[in-house]
Amino acid sequence: MHFSTYPIKGDAPILSMKKNLLYSIFLLIIACNSDNVVPETNVEVIPTVEETLPEVVEEETPVEEVLVPEEVFPVGSLNSFFSNGLISDRSNNIARKNPIQLIEYDQVNNRIKTNYSYLENLLVQGTNNQSWFVTQNAEASTVVEIVSVDITEGWIGLGNTYFGSLNTRIGATLEFFNPFINYEIINDRPLFSPYPTVASQENLHYIQPGGLIEKSDGTFILLTPVVFGPHAKRSIYYASSTNLEDWTFHDDLILETMTIPFAKPSGNVFSTGNPYKLDDGSLLVLLGVQQPNNNYTSAYMILDEDLNILRQPTEIMIPEWNGLDQNSFPLSITKFNNEYRLLFHRRNPSFIDREIHEIVAADLFDALNLNQSIVSSNIIHKGNTSSGYLRGKADDASYMEFNSELYILLGGEELGSTYLTSRNREYGLAKWNGGSWDHDSRSPLLVNPVQLHKKYPAYNWAWDHMGAFVSPIIKNNTLYVFMAFGTDNPDYFISGIKVSLN
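Anyway, here's the lowdown on the structure attached to this text. What you see is a predicted model, and the numbers here were worked out from it, not measured in a lab.

### A short note on the overall build of the chain
Thinking step 1. A tally of regular secondary structure across the chain gives two helices and 30 strands.
Thinking step 2. Taking all 502 residues of the chain together, the buried fraction comes to 55%.
Thinking step 3. Look at the contacts in the chain between residues 6 or more apart in sequence, and 58% of them connect residues 24 or more apart.
Thinking step 4. A total of about 21600 Å² of accessible surface is found on the chain, and carbon and sulfur atoms cover 50% of it.

### Examining the packing of aromatic side chains
Here a ring pair, both rings aromatic, is described through the centre-centre distance and the interplanar angle of the planes.
Thinking step 1. According to the stated counting rule, one finds 27 aromatic pairs in the structure shown.
Thinking step 2. An aromatic cluster of three or more residues is present, and its members are Phe133, Tyr162, Phe180, Tyr183, Tyr456 and Tyr459.
Thinking step 3. When the ring centre of Trp155 is taken as origin, the NZ or CZ atom of Arg111, which lies over that ring, is 4.1 Å away.
Thinking step 4. The aromatic ring of Phe228 is capped on one face by Lys233, whose charged end is 4.9 Å from the ring centroid.

### Comments concerning the sheet that holds strand S16 (residues 283–290)
Thinking step 1. The strand order S15-S16-S17-S18 describes an open sheet built from four strands, whose pairing is antiparallel. Either end of the sheet is taken by a strand with one partner, and the two such strands are strand S15 (269–277) and strand S18 (309–315). Sheet twist, expressed as the average angle between the axes of neighbouring strands with direction ignored, equals 20°.

### Looking at unusual backbone geometry
Thinking step 1. The peptide bond linking Ser193 to Pro194 adopts the cis configuration, its omega dihedral lying at 5°.
Thinking step 2. With respect to the helices, strands and loops of the structure, Pro194 is situated in the loop between strand S8 (184–185) and strand S9 (198–199).
Thinking step 3. Each neighbour pair has its own omega, and for Ser443 with Pro444 the value is 5°, a cis peptide bond.
Thinking step 4. One non-glycine residue with positive phi stands out, namely Asn403, at about 50°.

### Comments concerning the sheet that holds strand S1 (residues 86–87)
Thinking step 1. Taken in spatial order, the seven strands line up as S1-S7-S4-S5-S6-S3-S2 in an open sheet, and their pairing is antiparallel. What marks the edges here is a single partner per strand, and that holds for S1 and strand S2 (102–106).
Thinking step 2. Bridge count between S2 and strand S3 (residues 111–114): four bridges; the pairing is antiparallel. Looking across to S3, one finds that Leu102 is bridged to Thr114.

### Details of the side chain of His465
Thinking step 1. Mapped onto the secondary structure, His465 falls in strand S28 (residues 465–475).
Thinking step 2. Within the structure, the side chain of His465 is placed 3.2 Å from the side chain of Asp464, a separation counted as a polar contact.

### Comments concerning the pairing of strand S10 (residues 202–207)
Thinking step 1. Here two bridges tie S9 to S10, and the two strands are oriented antiparallel to one another. The partner of Ala199 across the bridge, within S10, is Glu202.
Thinking step 2. Counting the residues that bridge the hairpin from S9 to S10 gives two residues, and of these Ser200 lies at a positive phi of roughly 50°.
Thinking step 3. Sheet analysis places S10 next to strand S12 (residues 220–228), joined by three bridges and oriented antiparallel. Bridge pairing in S12 places Tyr206 opposite Val227.

### Structural notes on the pattern of salt bridges
Thinking step 1. Taken as a whole, this structure holds 14 salt bridges when the rule is applied.
Thinking step 2. With a shortest N-O distance of 2.6 Å, Lys382 and Glu355 are connected by a salt bridge. Here Lys382 is found in strand S22 (residues 374–382), whereas its partner Glu355 is found in strand S21 (residues 354–361), with 27 residues between them in sequence.
Thinking step 3. For Arg425, the salt bridge is made with Asp395, and the minimal N-O distance between the two is 3.0 Å.

### A look at the pairing of strand S23 (residues 393–402)
Thinking step 1. Counting buried residues along S23, nine of its ten residues qualify, which places the element largely inside the surrounding structure.
Thinking step 2. Examined bridge by bridge, S23 and strand S24 (residues 405–413) share nine bridges and lie antiparallel to one another. In the sheet register, Phe402 faces S24, and the bridge partner there is Glu405.

### Regarding the nonpolar core
Thinking step 1. Ranked by internal contacts, the top residues of the largest apolar core, which has 36 residues, are Ile185 and Phe485.
Thinking step 2. Of all the secondary-structure elements, those providing two or more residues to this core are S23, S24, strand S25 (425–432), strand S27 (446–447), S28, strand S29 (478–486) and strand S30 (492–500).
Thinking step 3. Looking at this core element by element, the count peaks at four residues for S29.
Thinking step 4. Ignoring any residue separated from it by four or fewer positions in sequence, one finds Ile185 in contact with Phe180, Tyr459, Trp461, Ala462, Phe485, Gly496 and Ile497.
Thinking step 5. Among the nonpolar cores identified, the runner-up in size contains 20 residues, and Ala199, Leu204, Leu212 and Val226 belong to it.

Conventions we followed
Residues numbered from 1 in each chain as written. Predicted model: local features only at pLDDT ≥ 70, side-chain atom pairs only at ≥ 80, totals over all residues. Heavy atoms only, no water. Helix = DSSP H or I, 4+ residues; strand = E, 2+ residues; numbered from the N terminus. Buried < 20%, exposed > 50% of the residue type's maximum accessible area, 1.4 Å probe, protein only. Contact = heavy atoms within 4.5 Å. Areas by Shrake-Rupley, 256 points an atom, 1.4 Å probe, with all protein chains shown as cover. Phe/Tyr/Trp six-rings, centres within 6.5 Å; stacked < 30°, edge-to-face > 60°. Lys NZ or Arg CZ within 6 Å of the ring centre and 35° of its normal. Pairing = 2+ DSSP bridges. Axes fitted to C-alpha atoms, helices over the stretch in contact; angles between N-to-C directions. Polar contact = N/O pair within 3.5 Å; in protein donor to acceptor, adjacent residues only side chain to side chain. Salt bridge = Lys/Arg side-chain N within 4 Å of Asp/Glu carboxyl O. Core = buried A, V, L, I, M, F, W, Y, C linked by side-chain atoms within 4.5 Å.

Take a look at the structure:
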């Protein structure tokens, strides 16, 4: 802060200068108060700079063993095909009421004992025999490989330290981590090879998924919003595949804001969620559209399966999700038990205060166009007050149906903490129980490989973030989820993972 200097002549000018100084400091305090922060109006969905909180070292003492049975999920539920890829607590990965703590350290043999009782979980290796790791601190700033597990004596043998330095103090907290027990990255690389760097003769910033279409001939289309520059412009392109694993990007523009009357010219438009197939075979595509004041509004368009636009982008006329004063967009749409369900994301002024709402309607177009036939409207996750794995920000959600049950793959970032999940994008699973959404107690289930590229160099492009509007599909007893992985370049690479449902 700059203070002007004045010539001093006598006590009165000195007192005046002191008053001016105190008054300036008072204004500075008011201006810095969080309640007076000017709201951001053009915050991108995927942050390009991550905050790192300083680690707070606290004295810890081992807690007495309290055995809490791990939740068992019904056979045939989608939950049953996932494992606890991030073990931080025996009953809840986020609450950490009974944190995992080190109770014994054998320096000579480089092994530890902890108060975690279900050591057999650490014997399950990843899809390509990837091992488990011990992690400590925010965003896994310490990563140590586990090379052996003695479930009889309780010793956990350690191998190489790939990042940081293990805190071996008795009572120190730790986490067990192996993301690859839940998924395999398709082809162990970004989705396209070679990876495009230009679209419409412009250098692109990154590509994200924007909804999956299964065509009548059995081939697949993935809508791919492309970001140009530092989130200055986003337009929708597409990719194609015959097998969900080998993809070709097409430099063919489907939609840009220049053709949308209510959009900011040369601004951002993107598709979210898988397009919903209407009775006539056409496809309703949900859109987020940047407005002239930089707020986002909710819209949709209708395509045929050859990607011809049958209905131009149309604003969704539900008041809470429409208009210049709103800053929100839709995330996903489905029809379940003869009701239409839509998920919406509200972008609040504070970075960590993001919400996901659900609207249920009896008639789809009455709801979208006329704000009629709406059965219910509820907030299902509020980032700054909700418990669980998305306490900081919830900004992505997609419906999935499996064995006649409805699920939501729900993603975002946790508040800063001393745990791996701090400021990290992750996904959990919620199941509709007929009256509310039940979260899988082991969530997050899908977590990026963080610093594991130190052990597995093939994932050097995938260790910082994951997400960017996931597009899931279940085919051939496999759950495919198309997403973006990122490094801190801040480039993001569109990619895919698969989860075996056998």
